[in-house]
Amino acid sequence: NSMSRIGKQPVAIPAKVKVEIKGQKVNIEGPKGKLSWDLPTHTTAKVEGSSVLVSRQGDDAAARALHGLSRALINNMVRGVSEGFTKKLEINGVGFKAAIAGKVITLNLGFSHPINYNIPDQITVAVEDNTKITISGPDKQLVGKVAAELRSYYPPEPYKGKGVK
């Protein structure tokens with residue numbers, strides 16, 4: 001199947017990225033940050049030349065699924081530390097705005113009090129024109145989680161289109 005074929009493809013390591021594998025632990029470092037992750041059982045990885053090869057022990061469905069997943073995650077990590085991942089949100093509404101002070105983003109979304117959200121480590125949030133929020137960082141899942149959490153404070157209303165989208 002296609003997943004196991006993907007698993008066999010080496011993940012290219014860009015020039016600026018350093019990959020270190022010790023047992024099941026994968027450490028990846030690049031200009032945008034550092035990520036580490038533990039490989040699931042039945043999966044091994046090694047650095048060969050300028051790429052990472054992920055291999056599996058066993059050929060049952062679980063091992064195959066973890067193989068493709070491990071490769072995808074390593075690939076995301078390499079991309080994350082070299083280029084980073086970005087999500088954009090936009091706030092719509094009268095008097096709605098966002099501002100950043102240090103590691104805290106403050107959202108004024110028409111409630112009686114502003115919402116303060118602590119920005120996690122390794123995540124950068126930028127606000128443009130008080131309404132455009134850009135979230136970026138090396139960890140794809142974390143960038144997505146921050147975007148989802150900010151969005152959850154004020155889901156857009158279907159009939160007025162107000163809110164965070």
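Residues numbered from 1 in each chain as written. Predicted model: local features only at pLDDT ≥ 70, side-chain atom pairs only at ≥ 80, totals over all residues. Heavy atoms only, no water.

(A) Molecular detail of the overall build of the protein chain. The number of helices and strands found in the protein chain is 3 helices and 13 strands. For the protein chain, whose C-alpha radius of gyration is 20 Å, the value lies well above the compact-globule estimate of 15 Å for 165 residues. Dimensions of the protein chain along its principal axes, counting C-alpha atoms only, are 55 × 30 × 20 Å. Considering the protein chain as a whole, with its 165 residues, one finds that 36% of them fall into the buried category. Across the protein chain, contacts joining residues at least 24 apart in sequence account for 52% of those joining residues at least 6 apart. Working note: accessible area of the protein chain is about 9,300 Å², and carbon and sulfur atoms make up 53% of it. (Helix = DSSP H or I, 4+ residues; strand = E, 2+ residues; numbered from the N terminus. Rg over C-alpha atoms; globule rule 2.2 N^0.38 Å. Buried < 20%, exposed > 50% of the residue type's maximum accessible area, 1.4 Å probe, protein only. Contact = heavy atoms within 4.5 Å. Areas by Shrake-Rupley, 256 points an atom, 1.4 Å probe, with all protein chains shown as cover.)

(B) View of helix 2 (residues 61-82). The end-to-end C-alpha distance of helix 2 is 32 Å, a good match for the 32 Å that 22 residues give at a rise of 1.5 Å each. Taken as a whole, helix 2 has its buried residues at Ala63, His67, Gly68, Ser70, Arg71, Ile74, Met77, Val78, Gly80, Val81 and Ser82. For helix 2, the N-terminal cap is aspartate 60; the gap from its side-chain oxygen to the backbone nitrogen of alanine 62 is 3.1 Å. (Expected span 1.5 Å × (residues − 1). Polar contact = N/O pair within 3.5 Å; in protein donor to acceptor, adjacent residues only side chain to side chain.)

(C) Expanded view of the sheet that holds strand 4 (residues 33-38). In space, the 3 strands of this open sheet follow the order 2-3-4, with antiparallel pairing throughout. Of all the strands in the sheet, the pair left with one neighbour each is strand 2 (18-22) and strand 4. Ignoring strand direction, the axes of neighbouring strands in this sheet form an average angle of 15°. Sheet contacts for helix 2: strand 3 (25-30) and strand 4; angle to strand 4, the most-contacted strand, approximately 165°. (Pairing = 2+ DSSP bridges. Axes fitted to C-alpha atoms, helices over the stretch in contact; angles between N-to-C directions.)

(D) Fine view of the packing of aromatic side chains. The tally for this structure, following the rule as stated, stands at 1 aromatic pair. Ring geometry for tyrosine 117 against tyrosine 153: centres 6.3 Å apart, planes inclined by 75°, an arrangement best described as edge-to-face. Residue tyrosine 117 is located in strand 10 (residues 115-118), and its partner tyrosine 153 is located in the loop between helix 3 (140-152) and strand 13 (163-164); the two are separated by 36 residues in the primary sequence. Judged by relative accessible area, which is 7%, tyrosine 117 ranks as buried. Accessibility expressed as a relative area gives 29% for tyrosine 153, which makes it partly exposed. (Phe/Tyr/Trp six-rings, centres within 6.5 Å; stacked < 30°, edge-to-face > 60°.)

(E) Representation of unusual backbone geometry. For glutamine 122, which is not glycine, the phi torsion reads 70° and is therefore positive. Turning to its location among the elements, glutamine 122 is positioned in the loop between strand 10 and strand 11 (124-128). Its relative accessible area of 36% is what places glutamine 122 among the partly exposed residues. At asparagine 130, a residue that is not glycine, the phi angle is positive and equals roughly 65°. Following the sequence through the fold, asparagine 130 ends up in the loop between strand 11 and strand 12 (132-137). Since its relative accessible area comes to 42%, asparagine 130 is described here as partly exposed.

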